[in-house]
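Per-entry structural report
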Amino acid sequence: TMGVELLASKAVACMLTMGDALLLGGNFLTVGDTRVNYVAAWDGNAVRALGHGVDGHVLAMARFGERVLVGGSFTRATQPSGAAVATGGLAVWDGSAWDQLGCSVAGTVSVLAVDENRIYAAGVIPHVCGVRCGNVAMWDAQLGWRAVGEGVAGG
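Summary of the structure given here. (Residues numbered from 1 in each chain as written. Predicted model: local features only at pLDDT ≥ 70, side-chain atom pairs only at ≥ 80, totals over all residues. Heavy atoms only, no water.)

A short note on the pairing of strand S2 (residues 21–26)
With five of six residues buried, S2 is to be regarded as a mostly interior element. Here six bridges tie strand S1 (residues 12–18) to S2, and the two strands are oriented antiparallel to one another. For Met15, the partnering residue across the bridge sits in S2 and is Leu24. Turn length for the S1-S2 hairpin, with the two strands adjacent in sequence and antiparallel, is two residues, and the turn residue Gly19 shows positive phi of about 65 degrees. (Buried < 20%, exposed > 50% of the residue type's maximum accessible area, 1.4 Å probe, protein only. Helix = DSSP H or I, 4+ residues; strand = E, 2+ residues; numbered from the N terminus. Pairing = 2+ DSSP bridges.)

See below:
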């Protein structure tokens, strides 16, 4: 067996492995008896929160180096200290604290993709850091946020 039974209070929307941990994101406040606020890590024996989680549903996760990208319909993440970080729909967890990726991302990030040096985000995100992106954006460590082509229209 795997130790403890995972019982999220509502739907799990995404999962990601990071080292020995399984990260879960979705529409849940608790896993078992642990308050996690929409995002949790499970090491096979115990569940823990990532800081104090985020304030809305998590729809996507991706690994970028040693960091975890979390996308969804939230506006802030809460540090282990209880301090809130305005992240918009994309938050970055470095293993001990939450941060933005350049700025607060306006809207809902529902899909994330990563290659060696770039992060792609899609969803309902009309602009990022003042850049009009038509719901699809790319972040590059050298160039920051940029649109991907003309984006995608519709609603």
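Still more ground to cover, so stick around.
Re the sheet that holds strand S17 (residues 136–140)
Sheet strands line up and pair through hydrogen bonds in the backbone, either parallel or antiparallel. Strand order in the open sheet formed by four strands is S13-S14-S17-S18, with antiparallel pairing between adjacent strands. In the strand order of this sheet, the two ends are held by strand S13 (108–114) and strand S18 (144–147), each with one partner. For this sheet, the mean angle separating the axes of adjacent strands, direction not counted, is 25 degrees. (Axes fitted to C-alpha atoms, helices over the stretch in contact; angles between N-to-C directions.)

Some remarks on the state of the cysteines
The tally for this structure, following the rule as stated, stands at one disulfide. Paired by a disulfide, Cys103 and Cys129 hold their sulfur atoms 1.8 Å apart. Classification of the bridge connecting Cys103 and Cys129 rests on its S-S torsion, roughly -115 degrees, and on that basis the disulfide is left-handed. You can see Cys103 sitting in the loop between strand S12 (98–99) and S13 and its partner Cys129 sitting in the loop between strand S15 (127–128) and strand S16 (131–132), a full 26 residues away along the chain. Residue Cys103 is classed as buried on the basis of its relative accessible area of 12%. By relative accessible area, which is 38% here, Cys129 ends up partly exposed. (Disulfide = S-S within 2.5 Å.)

Just geometry here; none of it tells us what the structure is for.
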